[in-house]
Amino acid sequence: MSATTEVSPFPPMESELVTDRLRLRPWLLADSGAARTLWLERDPRVPARRRIDDAGRPTESEIGELIEAQLDESAASGLSVLAIERRFAPGFIGYCGLSIGDSTLNEPEIVFELARSVRGRGYATEAASAVLDTAWTTGRSRIWASVREWNAASFRVLSKLGFTEAARRDPDPDHGDTVWLTLDVSGQERGSRRS
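What this report covers is the structure whose coordinates are included nearby. Once a new chain begins, its residue numbering starts again from 1 and follows that chain's sequence as written. Restriction of local features to residues with pLDDT of at least 70 applies here, the model being predicted, together with a cutoff of 80 or more for giving and counting side-chain atom pairs; totals for whole chains, interfaces and linings are based on all residues. Hydrogens and waters are ignored; side-chain quantities use all the structure's heavy atoms.

Fitted lines through C-alpha atoms serve as axes, helices being fitted only where they are in contact, and the angles separating the N-to-C directions of these axes extend from 0 to 180 degrees. Elements are defined by DSSP. Helices are runs of H or I of four residues or more, strands are runs of E of two residues or more, and each kind is numbered from the N terminus. The N-to-C vectors of helix α3 (residues 123-137) and helix α4 (residues 152-161) enclose an angle of 45°; their axes lie 10 Å apart at closest approach. By the angle class used here, α3 and α4 are oblique. Once α3 is placed against α4, the crossing between them reads as right-handed. Touching Ala124, Thr125, Ala128, Ser129 and Leu132 of α3 are Val157, Lys160 and Leu161, all from α4. In the scheme used here, Gly and all other residues not listed as nonpolar or charged are polar, with Ala, Val, Leu, Ile, Met, Phe, Trp, Tyr, Cys and Pro taken as nonpolar and Asp, Glu, Lys and Arg as charged. Counted by class, the contact of α3 with α4 contains 5 nonpolar, 2 polar and 1 charged residues. Should an angle lie under 35 degrees it is considered roughly parallel, over 145 roughly antiparallel, and from 65 to 115 roughly perpendicular; all remaining angles are considered oblique. Handedness of a crossing follows from how the near helix is turned relative to the far one, being left-handed for an anticlockwise turn of less than a right angle and right-handed for a clockwise one. In what follows, a contact means two residues having at least one pair of non-hydrogen atoms within 4.5 Å.

Right, here's the structure in full:
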């Protein structure tokens, strides 16, 4: 989550999205504890800087600081990484949204992560589909994704959404190569899948 000073030529994303089963909303500091649990659940192949270390860091308070930084970045860039909750069982279960990451403001990167307890129910695909719909309404026509080569679940989600592998791969013998995928809808019909 890095700050940006780049001014977006696009209108901002919607800050709340509703699907049949989910509500995507801005982060709250109250999400810090549940967000920290995501860090605890991460695969051990994820780089150490993205997991809880032996000293217990980042702490819940430090996760709160990351949330504040994410909110500041969203305000500046117009891109949003939104908290996910179930419509009929509120409470943070993950996140999904668009970020500059290792991409660009014009062609951002989609990111998503769900708590282990709710994986395998199609929530990631449903949330990402809603995020893509709002991305198209801003006028963007290409979105990127980067996935570690061992992350079969994320590849399945991205495949369902229409992403295809790009000609970019970032080698990492310690944590698994990062594979880049892209979704380009220029010239295609843009339909809404949200309720």
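Moving on: the pattern of salt bridges. A carboxyl oxygen of Asp or Glu within 4 Å of a side-chain nitrogen of Lys or Arg is what we treat as a salt bridge. Inspection of every chain in the model, using the stated rule, returns 15 salt bridges. Arginine 45 is paired through a salt bridge with aspartate 43; the nearest N and O atoms lie 2.8 Å apart. On the basis of relative accessibility, which here comes to 23%, the residue aspartate 43 falls in the partly exposed class. Notably, a salt bridge pairs arginine 168 with aspartate 170, separated by 3.3 Å at the nearest N-O pair. Through salt bridges with shared partners, a single network forms among Glu16, Arg23, Arg25, Asp31 and Glu85. Relative accessibility decides the category of a residue: with a 1.4 Å probe and only protein chains considered, values under 20% of the type maximum give buried, values over 50% give exposed, and everything between is partly exposed.

Classification of ring pairs rests on two measures: the distance between centres of Phe, Tyr or Trp rings, Trp counted by its six-membered ring, which must be within 6.5 Å, and the angle between planes, read as stacked under 30 degrees, edge-to-face over 60 and tilted in between. What the rule picks out here adds up to 3 aromatic pairs. With a centroid separation of 5.9 Å and 40° between ring planes, the pair formed by tryptophan 27 and tyrosine 95 is classed as tilted. Taken together, the positions of tryptophan 27 in the loop between β2 (22-25) and α1 (32-41) and tyrosine 95 in strand β4 (residues 89-99) put the pair 68 residues apart, joining distant regions of the chain. Taken as a pair, tryptophan 27 and tyrosine 95 share a single burial class, namely buried. Considering the side-chain rings of tryptophan 144 and tryptophan 180, the 6.2 Å spacing of their centres and the 75° angle between planes classify their relative orientation as edge-to-face. Pair noted here: tryptophan 144 is in strand β6 (residues 142-148) and tryptophan 180 is in strand β8 (residues 178-184), with a separation of 36 residues, a long-range link. We classify tryptophan 180 as buried; its relative accessible area is 1%. Each residue in the set Trp27, Phe92 and Tyr95 is aromatic and connected to the rest through ring pairs, giving one cluster. A cation sits over an aromatic face here: arginine 42 above tryptophan 39, 4.6 Å from the ring centre. We call a charge positioned above a ring when the Lys NZ or Arg CZ atom is no farther than 6 Å from the ring centre and deviates by at most 35 degrees from the ring normal.

With an omega of 5°, the peptide bond running from arginine 57 to proline 58 counts as cis. Tracing the sequence through the fold places proline 58 in the loop between α1 and α2 (60-77).

On to the pairing of β4. The two faces of a sheet get side chains in turn, since along a regular strand they alternate between them. By the criterion of burial, β4 is predominantly enclosed, with 8 of the 11 residues buried. Between any two strands, at least two bridges found by DSSP are needed for them to pair. As paired strands, strand β3 (residues 81-86) and β4 are joined by 6 bridges and run antiparallel to one another. Opposite valine 81, over in β4, you have glycine 97 as the bridge partner. Between β3 and β4, which follow one another and run antiparallel, lie 2 residues. Direction of pairing for β4 relative to strand β5 (residues 109-114): antiparallel, over a ladder of 6 bridges. By the bridge assignment for β5, glycine 97 is matched with valine 111.

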